[in-house]
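Examination of the molecular architecture
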Amino acid sequence: AKMVIKRICCIGAGYVGGPTCSVMALKCPDIIITVVDKSKERIMQWNSEKLPIYEPGLDDVVKTCRGRNLFFSTDIETAIIEADLIFISVNTPAKSFGIGKGRAADLKYVEGAARMIAKVATGDKVVVEKSTVPVRAAESILKILRANNKPGVSYQILSNPEFLAEGTAIDDLINADRVLIGGEDTPEGQAAIEKLCWAANAFLAQRISSINSLSAVCEATGADVTEVAKAVGLDSRIGAKFLQASVGFGGSCFQKDILNLVYICECLNLPEVAAYWQQVIDMNEYQKSRFSGKVIEALFNTVTDKRIALLGFAFKKNTGDTRESPAIHVSKTLLDEGAKLHIYDPKVDHKQIMYDLTHACVTDDPEKVKNSVSIHDDPYSATSGTHAIVLCTEWDEFVSLDYEKIYDGMMKPAYIFDGRKILDHSQLLKIGFHVETIGKRLCRPLVNRIWGSPYQI
Ligand code: UDX
Ligand code: ADP
């Protein structure tokens, strides 16, 4: 029988569930959408003026729909009972212990959500699973729901993996490249979806590691990786996107999905394939270490007790998300070497930065970290009195800072390390900075050095 969807419930109010449901509420004013989460704090934030996540355009969409046909609640049971359709958009992190630790996807939250549905549902439900591990997630949801079958309750299970990128989520949702919906009756279709999710993220990450590997060659030979990327990207078979060399990729998906792919390849006895994709991760680690190493080397091989400003902490611009952010890796290396960090990011919460840097996988001495890190509300106070600026996130506002003023307030020689290749390097050199970046060798113009005119060595 055809089912009319009047009410939707979404379990999980995170980076996927929140924006997806907000846009859905905007586009479908006749459907009532309730987003639930077990975290009281998250839901409180979704109901407040300051939303728990930052996405350009999200505030307006939520303001338009909240209280009209969009609701945020911790009453998971009621929302499930009332809904015709339920999205599961809980997190699927890598397992933190046991077989496949750090690599296999942990489905415990998906399972928890499915068990909750099985327990409280009273009528027919369509259950839509939104994670990027659809086969096993859908399978476990199906098994749990069917094993707890109640009279008068039937389930239809679909998967609808999400391809939105943070920082452009609203636009990605409104103008999606593709929408994938897989039904349970086609196991081959399900398997294809899973491959597609991994393949897309693995390919994207592989492009970044490829260009980053060439950035090392450019630095060694004096070429500019931006020129290389431009020329290569003009070949329409390759395309220009996702070829921006950087300090390394971050975010909650790329590393997790590739590690998952590597793990599955090993389990399938395909060690060469596993090694191939593992190298994409290894190259990313190398890039982050190489960048931090460059900072230390330029500062006369010691940063002990030096004040260093870190501009940007999010894993990319236009988000407050720090998961797998290269800034964490760079900070850790500098802190291990005894540096004093002054951190500024326009959107990341101070608490989040401290949490990321004092976490057990980053330090065994959180007190020492707390004493070595200060977090600032503006870039000028963060850079004042420092020996060096290390730029880790490509926020637009960093391009138009008053670098003359910043230079005047810094220790000399003043260094700037542009990990995103966004600054005007020739202007910075003119001001007097010692500038280093990714994939290009830069030196200070030495005025009147040889021929009486600015000459670059
Ligand atoms: C990614 C996928 O793009 C998205 O389709 C999927 O649904 C989820 O994972 P996201 O992690 O939000 O999205 O961000 P993305 O824009 O892909 O960037 C990932 C990382 O790569 C960032 O750290 C970014 O700064 C870096 N990056 C991206 C580069 O270093 N160079 C590039 O050219 C592009
Ligand atoms: P993603 O980036 O995939 O959206 P997040 O970690 O941002 O991941 O969000 C997932 C959300 O799901 C978290 O807020 C978490 O509290 C919530 N969650 C996990 N399991 C459950 C559950 N069983 N019931 C309700 N909410 C859950």
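Residues numbered from 1 in each chain as written. Chains lettered and ligands numbered in written order. Predicted model: local features only at pLDDT ≥ 70, side-chain atom pairs only at ≥ 80, totals over all residues.

**So, the site of ligand 1**
Taken together, 19 residues lie near ligand 1, and Gln244, Ser246, Phe249, Gly251 and Cys253 sit nearest. Residue contributions to the shell around ligand 1 peak at three residues, all from helix 8 (residues 187-221). In terms of residue class, the shell around ligand 1 is built from 11 nonpolar, five polar and three charged. Viewed by domain, the shell around ligand 1 spans two of them, domain 1 (7-185) and domain 2 (187-457), each represented by three or more residues. (Near = placed C-beta within 6 Å. Helix = DSSP H or I, 4+ residues; strand = E, 2+ residues; numbered from the N terminus. Nonpolar A, V, L, I, M, F, W, Y, C, P; charged D, E, K, R; others polar. Domains from an automatic or database assignment.)

**Remarks on the domain arrangement of the protein**
Here the domain parsing of the protein yields domain 1 (7-185) and domain 2 (187-457). Taken over C-alpha atoms, the centre of domain 1 sits 32 Å from the centre of domain 2. Going through the elements one at a time, helix 6 (134-147) and strand 7 (182-183) are the ones with two or more residues in the side of domain 1 that touches domain 2. Looking at which element gives the most residues to the side of domain 1 that touches domain 2, the answer is helix 6, with three residues. Residue classes in the side of domain 1 that touches domain 2 are distributed as 14 nonpolar, seven polar and three charged.

**Here's the deal with the sheet that holds strand 1 (residues 7-11)**
Strand order in the open sheet formed by seven strands is 3-2-1-4-5-6-7, with mixed pairing between adjacent strands. The open sheet has two free edges, formed respectively by strand 3 (70-73) and strand 7, since each of these has just one partner strand. Along the sheet, helix 1 (residues 17-27) contacts strand 1, strand 2 (32-36), strand 3 and strand 4 (85-88); its crossing angle with strand 2, the most-contacted strand, is approximately 170 degrees. Sheet contacts for helix 5 (residues 108-120): strand 1, strand 4 and strand 5 (125-129); angle to strand 4, the most-contacted strand, approximately 160 degrees. (Pairing = 2+ DSSP bridges. Contact = placed C-beta atoms within 7 Å. Axes fitted to C-alpha atoms, helices over the stretch in contact; angles between N-to-C directions.)

**Focus on the site of ligand 2**
The local shell around ligand 2 holds 21 residues, among which Gly12, Gly14, Tyr15, Val16 and Val90 are the closest. Top contributing element to the shell around ligand 2 by residue count: helix 5, with four residues. The residue inventory of the shell around ligand 2, partitioned by class, reads 10 nonpolar, eight polar and three charged.

**Focus: the pairing of strand 8 (residues 307-311)**
Strand 8 sits mainly inside the fold: four of its five residues count as buried. Taken together, the five bridges between strand 8 and strand 9 (residues 340-344) define a ladder with parallel strand orientation. Bridging across to strand 9, leucine 311 finds its partner in tyrosine 344. Note on the crossover from strand 8 through helix 12 (residues 326-336) to strand 9: the handedness is right-handed. Where strand 8 and strand 11 (residues 388-391) come together, four bridges link them in parallel fashion. Looking at the pairing, leucine 310 lines up with valine 390 of strand 11. (Buried ≥ 20, exposed ≤ 12 C-beta atoms within 10 Å, placed from the backbone. Right-handed = clockwise from strand over helix to strand, strands pointing away.)

**Some words on the sheet that holds strand 13 (residues 434-437)**
Strands sit in the order 10-9-8-11-12-13 across an open sheet of six strands; the sheet is parallel. The sheet terminates laterally at strand 10 (373-375) and strand 13, the two strands that pair on one side only. Strand-to-strand twist across the sheet, computed as the mean angle between neighbouring axes with direction ignored, equals 20 degrees. Along the sheet, helix 13 (residues 350-358) contacts strand 9 and strand 10; its crossing angle with strand 10, the most-contacted strand, is approximately 160 degrees.

**Some points on the packing of helix 1 against helix 3 (residues 58-65)**
Two elements in contact, helix 1 and helix 3, have axes separated by 9 Å at closest approach and are oriented at 55 degrees. By the angle between their directions, the pair helix 1 and helix 3 is classed as oblique. You can see that helix 1 and helix 3 cross each other, and the crossing is left-handed. Along its contact with helix 1, which presents Pro19, Ser22, Val23, Ala25 and Leu26, the element helix 3 presents Leu58, Val61, Val62, Thr64 and Cys65. In terms of residue class, the contact of helix 1 with helix 3 is built from eight nonpolar, two polar and no charged. (Parallel < 35°, antiparallel > 145°, perpendicular 65-115°, else oblique. Left-handed = near helix turned anticlockwise from the far one by under 90°.)

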